[in-house]
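Chain residues, written in single-letter form:
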Amino acid sequence: MKNLQLIIITIIASLAVSCSPKKIANQMQENISVVAIENITGSVSGGWVITLRIQNGTTYQPTLLSADGDIYVDNTLTAHASLMAPVTLPKKSVSSIDIPLELNIKNPLKALSMVLRLSEKNFDNVEFSLNTTIEMMGIKKSFAIDRTPATGILNKLGYTAQ
């Protein structure tokens, strides 16, 4: 009976260690990447959708629960964006994922410049501040990025503009 208890405790301990928040966060960072920005569509009144090709190499289905951030163009606050609905990534896949965003324009002329730049994959002088919450296996992890060049954020996500 003691051997059975020891085996059960060992199994539970190994599961707890293998599913630790730190390990899951590391798996997210190491195994999930943006392969391409496929499309950006939208309107001021109806919101925007950024379609990303995302590779999820994990055996989990992480969900982007919330995201909001500020967009700066040429050092000017241009817009504030918020995730309109949670987004779940399929496990072990490369998928096109629509990210629905509500965009609150702060500076219309810079916003036009931003849309033109992003449609040409030109991220020069575009910066983001971003706060996100991701859930994977019941564990929520929040990430914050403070006023970072767009290319830096995209590189952290595994994407390189071509």
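Now for a description of the structure that goes with this document.

Reading the values: rules and limits
Residues numbered from 1 in each chain as written. Predicted model: local features only at pLDDT ≥ 70, side-chain atom pairs only at ≥ 80, totals over all residues. Heavy atoms only, no water. Helix = DSSP H or I, 4+ residues; strand = E, 2+ residues; numbered from the N terminus. Buried < 20%, exposed > 50% of the residue type's maximum accessible area, 1.4 Å probe, protein only. Polar contact = N/O pair within 3.5 Å; in protein donor to acceptor, adjacent residues only side chain to side chain. Contact = heavy atoms within 4.5 Å. Core = buried A, V, L, I, M, F, W, Y, C linked by side-chain atoms within 4.5 Å.

**Examining the side chain of Ser95**
Here Ser95 is to be found in strand E6 (residues 93-105). We classify Ser95 as buried; its relative accessible area is 14%. Side chain to side chain, Ser95 and Ser93 meet in a polar contact 3.0 Å long. Apart from the residues lying within four places of it in its own chain, the contact partners of Ser95 are Leu52, Arg53, Ile54 and Pro90.

**Section: the environment of Leu65**
Relative to the helices and strands, Leu65 is located in strand E3 (residues 63-73). Classification of Leu65 by relative accessible area gives partly exposed; the value is 29%. With 70 residues separating them in the primary sequence, Leu65 and Glu135 have C-alpha atoms 6.8 Å apart. Here Leu65 is in contact with Leu83, Pro86, Thr133, Glu135 and Lys140, once residues within four sequence places are set aside.

**So, the nonpolar core**
Ranked by size, the top nonpolar core spans 27 residues in total, and within it Ile71, Leu83, Ile99 and Leu103 carry the most contacts. In contact with Leu103, not counting residues within four places along its chain, are Trp48, Ile71, Ala79, His80, Ala81 and Met114.

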